[in-house]
Amino acid sequence: MVFAEVAGQSEIKNKLTEMVQQNRLSHALLFLGREGSGALPLALAFAQFVVCEKVTEMFYGGSPYSDNGPLLSDACGKCSACNRAVALVHPDIHFSYPVIPKKSGDKPLSTDYAAEWREFIRQSPYGNLYDWLQSLHAENKQGNITAEECNDIIRKLSLKTFESRFKVLVMWMPEMLGKEGNKLLKLIEEPPPNTLFLLVAENESLILPTILSRCQLVKIPALTDEDIARALQSRAGVNPEQSRQIAAICEGNYREALQQLNHAGDDWQHLVREWLNAVLKNGPISLVKWIEEISKQGREKQKQFLRYFNHLLEQSVRIRILGENSEWASRLPVSEKDFILRINKMASLEQQEALAEELDKAAYYIERNANAKILFHALSLKLFHILRDKARVTPW
């Protein structure tokens, strides 16, 4: 994977390439980013960057390009090292990740699941631990990085490199290391020459402090809505309007955005409009019909709908502050801007805050398998009571 294939994160990409360009590469880096930020794809791209033959020639082989031409800021993607890195079969790039026993009494290693790992990265580079374990049909089993895995890491990294300047270990989810992770402390603190550790984590508090203290932290921020929308348009062919709607409810999580593609054709504005009409204008029969329809949808779509409604409320507050003629408001799609302005006519700031709080609670309960019909009935009543005293109620 090359940096160009990683969604957004231009600042982090520049920081990583500058480490190599300026010869400031630490032997242990911890890529810390929440789910969907792209921490694993960035680590994979960086591993390919440091083993790329063109990069090695430029920065470590005395290539004239370093003096007379532009510095490389990405792997070439064409040399034999890059081809093997893309296929996840480069002999100097090793991987460690949580695994499960194939049968009772097994002491599994990451290499036992190498084929499954390659397929997982090919299909879901932004996937989380749950996705990985589901691909292994783990059911209720807990994935771990075992003491045997730590011994195997020590063995592999004690060998000489096969063809590249660096030996690279990419460890995904070091949170799954128990106390056995202390086996790696000496190796991380005093690694063999040209050994590079790339740890990829989501939760800093779950990493062994002894390991954390030995790594240089690279914080990966959440993706912007614009980065997610661009990635959806260029990689999945989603139209601009739908890509903005998806990006708006994903809170910087590209994995979540990909999950929502199954519903990319849904018109969430229409769902919100129909709900408000049913609550404030059309009466109980219309409301019962609407609740029946939304209850037939899966939990993911119901959460998606609530998140999008919350996004509209957030935008309505922002447009109150910045003004409908502001530069930010001018970038909104016309249909969404009109919708937001109508929400502002219908509800005061205090009412919008109350609505957002109730929508957040509802999404929380849906995640915990609340009965959809009961939940949306109760939520509709709360919405009615929040909005009923507003003199300028103007449902669609």
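Residues numbered from 1 in each chain as written. Predicted model: local features only at pLDDT ≥ 70, side-chain atom pairs only at ≥ 80, totals over all residues. Heavy atoms only, no water.

### Quick word on the overall build of the protein
When helices and strands are counted, the protein shows 20 helices and 5 strands. Considered along the principal axes of its C-alpha atoms, the protein spans approximately 75 × 60 × 35 Å. Across the 396 residues that make up the protein, the buried fraction comes to 51%. When contacts within the protein are restricted to residue pairs at least 6 apart in sequence, those whose partners lie at least 24 apart make up 75%. A total of about 19,300 Å² of accessible surface is found on the protein, and carbon and sulfur atoms cover 49% of it. A gap of 1 Å separates the mean positions of the 48 positive and 49 negative side-chain charges of the protein. (Helix = DSSP H or I, 4+ residues; strand = E, 2+ residues; numbered from the N terminus. Buried < 20%, exposed > 50% of the residue type's maximum accessible area, 1.4 Å probe, protein only. Contact = heavy atoms within 4.5 Å. Areas by Shrake-Rupley, 256 points an atom, 1.4 Å probe, with all protein chains shown as cover. Lys, Arg positive; Asp, Glu negative; His and termini not counted. Charge placed at Lys NZ, Arg CZ, Asp CG, Glu CD.)

### Looking at the nonpolar core
Of all hydrophobic cores here, the largest spans 131 residues; its most connected members are Phe31, Phe46, Trp275 and Phe376. Of the residues forming this core, the biggest block, 11 residues, is contributed by helix 2 (residues 39-51). If sequence neighbours within four positions are ignored, Phe31 has contacts with Leu16, Ala39, Leu42, Ala43, Phe46, Leu198, Leu199, Val200, Ala201, Val218 and Ile220. (Core = buried A, V, L, I, M, F, W, Y, C linked by side-chain atoms within 4.5 Å.)

### Some words on the sheet that holds strand 4 (residues 195-201)
With parallel pairing, the 5 strands of this open sheet are ordered in space as 2-3-4-1-5. The open sheet has two edge strands with one neighbour each: strand 2 (93-96) and strand 5 (216-220). Averaged over all pairs of adjacent strands, the angle between their axes in this sheet comes to 20°, without regard to strand direction. Relative to strand 4, strand 3 (residues 167-172) is paired through 6 bridges, and the arrangement is parallel. (Pairing = 2+ DSSP bridges. Axes fitted to C-alpha atoms, helices over the stretch in contact; angles between N-to-C directions.)

### Overview of the packing of aromatic side chains
Applying the stated criterion across every chain, the model contains 18 aromatic pairs. Consider the rings of Phe95 and Trp117, whose centres lie 6.2 Å apart with planes at 50°: the pair is tilted. On the criterion of sequence distance, the pair formed by Phe95 in strand 2 and Trp117 in helix 6 (residues 114-123) is long-range, its members being 22 residues apart. In this structure, Arg165 is placed above the aromatic ring of Phe166, and the distance from its NZ or CZ to the ring centre is 5.8 Å. For the cation-ring pair, Arg368 lies above Tyr364, with the distance from its terminal atom to the ring centre recorded as 3.8 Å. (Phe/Tyr/Trp six-rings, centres within 6.5 Å; stacked < 30°, edge-to-face > 60°. Lys NZ or Arg CZ within 6 Å of the ring centre and 35° of its normal.)

### Quick look at the environment of Ser326
By the secondary structure assignment, Ser326 is in the loop between helix 16 (299-322) and helix 17 (327-330). Judged by relative accessible area, Ser326 falls into the buried class, the value being 14%. Sequence-wise, Ser326 and Tyr365 are 39 residues apart; in three dimensions their C-alpha atoms are separated by 37 Å. Here the side chain of Ser326 touches Gly323 through a polar contact of 2.9 Å, landing on its backbone oxygen. (Polar contact = N/O pair within 3.5 Å; in protein donor to acceptor, adjacent residues only side chain to side chain.)

### A few points about the pattern of salt bridges
Counted by the stated rule, this structure contains 15 salt bridges. Its salt-bridge partner being Arg255, residue Glu35 comes within 3.3 Å of it at the nearest N-O pair. Residue Glu35 is found in the loop between strand 1 (28-33) and helix 2, and its partner Arg255 is found in helix 13 (residues 254-259); the two are separated by 220 residues along the sequence. Because the salt bridges share partners, they merge into one network encompassing Glu35, Asp131 and Arg255. (Salt bridge = Lys/Arg side-chain N within 4 Å of Asp/Glu carboxyl O.)

### Section: unusual backbone geometry
Despite not being glycine, Met173 shows a phi value in the positive range, around 65°. Structurally, Met173 is set in the loop between strand 3 and helix 9 (185-189). If you check the backbone angles, Asn194 has positive phi at about 55° while not being a glycine. Mapped onto the elements, Asn194 comes out in the loop between helix 9 and strand 4.

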